[in-house]
Amino acid sequence: MDEETLNKIMKAGRIAAQVREEGAKKLSVVGTSFLTTMDYCEKRILELGGEIAWAQLAVNDVAAHYCPDDDDTSVSKEGDLIKVDIGVHIDGYIADNAMTIISGTSNEWKDLITTSQKALNAAIKLVRPGVQLWELGEAQYSEAEAKGFTTIKNLCGHTLGRYRVHGGISIPTFNNKDKTELKEDMQIAIEPFITNGTGLVKDKGKATVFMMGKEKGVRSPYARKIVEFVKPRNGLPFTFRDLTRQFGKGGTALGLRELQSLGVVRPYPPLAEVAQGMVAQTEHSMIVRDKPIVYTKI
Ligand code: CO
């Protein structure tokens with residue numbers, strides 16, 4: 001990896017960590033608007049010199065993939081277990097990180113949060129060229145099991161590619177027997193999701209975040225405009241409110257319907273724990289070395 005690339009990655013990491021902390025701090029105050037906070041996080045990424053990859057949150061039994069629409073009036077409530085997941089890129093080099101907080105003064109879910117932190121640290125300790133993926137999964141799972149919790153088996157960490165949120169290798173949160181080895185200089189994100197539920201998520205409710213899928217010709221003007229509009233994202237996610245702010249609700253709905261039916265745009269609905277268990281997540285991005293460079297640490 002050349003110096004210039006490393007510098008871009010490190011810068012993306014510093015910004016992602018900072019914005020993650022700022023967003024989480026806001027949401028730990030009861031009554032904070034989710035929409036306002038996510039807008040704030042996006043604005044901060046730009047102010048700090050980064051590019052937005054995504055700013056998402058997820059509450060209680062929802063593990064991931066929730067981006068408030070413009071008419072979403074949700075606010076943080078006492079005892080809410082809130083995940084803040086921030087992605088920043090510099091020239092396509094992505095930093096992906098997440099943390100979980102409890103809104104207000106409740107301590108009820110503290111154990112879930114500390115377990116997700118411990119699970120992440122246990123995995124990071126093993127990261128080096130040659131480590132096999134199952135080992136990273138087992139390390140995370142052991143921490144969950146020790147506390148009587150479990151990991152969410154169908155959510156994984158992942159490699160990061162240039163402009164690619166998922167670089168093709170999944171890092172399990174349990175021993176899935178995958179003997180694939182990490183290689184020097186791989187960019188990876190490890191993200192244990194810990195729950196007191198069953199340990200699986202499923203789609204819940206309507207998607208508010210999307211990514212481009214197949215390239216294909218589209219007919220209607222709105223569909224075409226949406227494709228043009230998201231082209232500069234280079235394959236990174238975009239939100240429903242990105243589109244409604246540009247094309248209004250009607251135009252967005254029309255265009256998206258066509259794009260989804262053609263598979264040109266893929267929806268990513270919120271993922272909720274199947275038994276409505278509470279979910280905590282902690283995530284860092286790192287570069288694989290004998291001593292990994294964890295570039296989203298403050
Ligand atoms: Co991630």
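Residues numbered from 1 in each chain as written. Predicted model: local features only at pLDDT ≥ 70, side-chain atom pairs only at ≥ 80, totals over all residues. Heavy atoms only, no water.

We now examine the domain arrangement of the chain. Each domain of the chain was delimited in the assignment, giving domain 1 (3–204 + 270–294) and domain 2 (209–267). For domain 1 and domain 2, the distance between their C-alpha centroids amounts to 26 Å. The interface of domain 1 with domain 2 comprises 18 residues on the first partner and 13 residues on the second. Looking at the side of domain 1 facing domain 2, the largest losses of area belong to Cys-67, Asp-70 and Tyr-163, adding up to 35% of the total buried there. The tally of links between domain 1 and domain 2 comes to five salt bridges. Here Arg-245 makes a salt bridge to Asp-70, at a shortest N to O gap of 2.7 Å. (Domains from an automatic or database assignment. Contact = heavy atoms within 4.5 Å. Buried area = accessible area lost by both parts, 1.4 Å probe. Salt bridge = Lys/Arg side-chain N within 4 Å of Asp/Glu carboxyl O.)

Moving on: the packing of aromatic side chains. Counting across every chain of the model gives three aromatic pairs. With a centroid separation of 6.3 Å and an interplanar angle of 85 degrees, the aromatic rings of Phe-34 and Tyr-66 are classed as edge-to-face. Note that Phe-34 is positioned in helix H2 (residues 34–47) and Tyr-66 in the loop between strand S2 (62–64) and strand S3 (81–90), a separation of 32 residues in sequence. For the pair Phe-210 and Phe-238, a centre-to-centre distance of 6.0 Å together with 25 degrees between the ring planes defines the contact as stacked. Here Phe-238 lies in strand S12 (residues 238–239) and Phe-210 lies in strand S11 (residues 209–212), a separation of 28 residues in the sequence. For the pair formed by Phe-210 and Phe-238, the shared burial category is buried. Looking at Lys-225, its charged tip hangs above the ring of Tyr-222, at a distance of 4.9 Å from the centre. (Phe/Tyr/Trp six-rings, centres within 6.5 Å; stacked < 30°, edge-to-face > 60°. Helix = DSSP H or I, 4+ residues; strand = E, 2+ residues; numbered from the N terminus. Buried < 20%, exposed > 50% of the residue type's maximum accessible area, 1.4 Å probe, protein only. Lys NZ or Arg CZ within 6 Å of the ring centre and 35° of its normal.)

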